[in-house]
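Working through the structure, step by step
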Amino acid sequence: MSLLEVSDLRTYFYTEGGIVQAVDGVDFSVNAGETLGIVGESGAGKSVTVRSLLGLIDPPGTVVDGTITFDGQDLHSLTESELRREIRGSEISFVFQDPMSALNPVYTVGSQIAEVVEHHTDRTATEAWDRAVELLDDVGIPDAAVRADQYPHEFSGGMRQRVLIAMALSCNPKLIIADEPTTALDVTIQAQILDLFEEIQDRYNTGLIYVTHDLGVVREVCDRVAVMYLGEVVERGRYEDLFNDPKHPYTQMLMRSVVTPDRPVSSLDPIEGAMPSAVDPPSGCRFRTRCPVAIDDCSTIEPPDYAVTSDHAAACLLYDDDFAGDPPVLHERTTGGGRDE
Ligand SMILES: Nc1ncnc2c1ncn2[C@@H]1O[C@H](COP(=O)(O)OP(=O)(O)OP(=O)(O)O)[C@@H](O)[C@H]1O
Ligand code: NI
């Protein structure tokens with residue numbers, strides 16, 4: 001069984017402007033030791049999805065439906081205090097984009113990590129401190145014993161992110177959820193942090209959910225990917241399969257915009273138009289208003305997941321057996337090049 005199984009997750013925000021259907025029927029799973037990337041453009045519902053898992057949605061938002069099975073336990077049925085006591089920061093920990101907001105400026109980093117260790121284990125204060133130093137060393141902070149005695153502002157952005165990762169590791173979580181953890185960092189530091197996540201997984205067999213809009217990052221770290229669009233997962237599967245053989249028109253457009261060594265920046269092809277509002281999303285397929293291959297039925301039928309293989313599914317009517325035409329293939333375009341179109 002998977003470490004985490006999410007099915008039909010729905011999280012809405014009841015605002016004065018209407019009901020924001022931020023997450024609307026999302027399914028995915030994560031196995032132990034595996035990395036799932038959740039990708040999609042800004043506003044797709046990535047953060048709301050992962051925050052929903054841990055009961056971190058504040059009013060006017062609420063998880064209206066869904067099952068979240070973690071290690072055999074239904075998280076959605078737990079109370080806030082049960083989640084806080086038994087799950088958050090112990091079984092599942094979070095690494096956020098902005099480490100400064102997650103660290104207390106007036107305490108040394110060592111004491112902040114030691115506090116988490118003490119809270120979750122029966123170690124004494126001295127043992128917890130030693131463990132904090134060990135964790136800082138584990139995440140690649142040089143002179144960990146000295147650095148533990150310093151304050152967050154004495155660390156660079158990348159080092160602060162390492163501190164947060166050390167803190168996330170301090171209770172031996174089974175799952176780490178990282179929401180855009182490297183977005184604020186420059187590319188060299190970002191690459192180092194990605195390496196660190198990989199090392200951690202090898203060492204601790206931790207499951208990881210990695211939220212990002214950067215497909216290059218996904219390529220580096222993710223085993224499997226869920227592509228989100230306007231509150232829904234439109235395609236999911238192994239990264240290689242989605243990259244080499246994307247099925248959903250949205251994934252095809254996204255993958256075309258990935259920069260790889262053999263696909264230089266010049267072929268970068270951003271997706272045109274803006275995502276519609278999640279208050280009043282398009283009927284049928286939510287992507288149809290931007291889809292270059294939409295057919296009439298797309299405006300009336302909500303596409304179910306069509307299995308491409310046992311571990312690859314796309315929610316697009318064009319893969320329905322009743323669809324008579326050829327499946328869509330979006331041809332790669334070159335900007336300013338002499339390729340035929
Ligand atoms: N507190 C809130 N009140 C109302 N709507 C919200 C709230 N938080 C999020 N939303 C809406 O939920 C939708 C999903 O937002 P979410 O933050 O999950 O997107 P995202 O995919 O994480 O985007 P980004 O890449 O910019 O972080 C958006 O339409 C957003 O406006
Ligand atoms: Ni987000």
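The structure under discussion appears in the preceding block.
Attention in this report is confined to the structure presented alongside it. (Residues numbered from 1 in each chain as written. Chains lettered and ligands numbered in written order. Predicted model: local features only at pLDDT ≥ 70, side-chain atom pairs only at ≥ 80, totals over all residues.)

Considering the nonpolar core
Core analysis: the largest hydrophobic core is formed by 89 residues, its most contacted members being Ile-113, Ala-132, Ala-166, Ile-209 and Val-227. Every residue in contact with Val-227, bar those within four places of it in the chain, is listed here: Val-39, Gly-40, Val-233, Val-234, Glu-235, Arg-236, His-248, Tyr-250, Thr-251 and Leu-254. (Core = buried A, V, L, I, M, F, W, Y, C linked by C-beta atoms within 7 Å. Buried ≥ 20, exposed ≤ 12 C-beta atoms within 10 Å, placed from the backbone. Contact = placed C-beta atoms within 7 Å.)

Regarding the sheet that holds strand 7 (residues 175-179)
Reading across the sheet, the eight strands line up as 6-7-8-3-9-10-12-11 and stay open at both edges, with mixed pairing between neighbours. Strands with a single pairing partner mark the edges of an open sheet, and in this sheet they are strand 6 (92-95) and strand 11 (306-309). This sheet shows a mean twist of 20° between the axes of neighbouring strands, independent of strand direction. Helix 11 (residues 249-256) contacts strand 9 (224-229) and strand 10 (232-238) of the sheet and is inclined by roughly 110° relative to strand 9. (Pairing = 2+ DSSP bridges. Helix = DSSP H or I, 4+ residues; strand = E, 2+ residues; numbered from the N terminus. Axes fitted to C-alpha atoms, helices over the stretch in contact; angles between N-to-C directions.)

Focus: the packing of helix 7 (residues 157-169) against helix 8 (residues 187-204)
Two numbers describe how helix 7 lies on helix 8: the axes approach to 10 Å, and their chain directions differ by 15°. With respect to each other, helix 7 and helix 8 are oriented roughly parallel. Here helix 7 and helix 8 pass one another in a crossing that is right-handed. Residues Gly-157, Gly-158, Gln-161, Arg-162, Ile-165 and Leu-169 of helix 7 form the contact with helix 8, whose own contacting residues are Ile-189, Gln-192, Ile-193, Leu-196 and Ile-200. Grouping the constituent residues of the contact of helix 7 with helix 8 by class yields six nonpolar, four polar and one charged. (Parallel < 35°, antiparallel > 145°, perpendicular 65-115°, else oblique. Left-handed = near helix turned anticlockwise from the far one by under 90°. Nonpolar A, V, L, I, M, F, W, Y, C, P; charged D, E, K, R; others polar.)

Topic: the site of ligand 1
Of all residues adjacent to ligand 1, which total 15 residues, the nearest are Ala-22, Ser-42, Lys-46, Ser-47 and Val-48. Looking at which element gives the most residues to the shell around ligand 1, the answer is helix 1 (residues 46-53), with three residues. Residues of the shell around ligand 1, tallied by class, amount to six nonpolar, eight polar and one charged. (Near = placed C-beta within 6 Å.)

Just distances and angles here, no functional claims.
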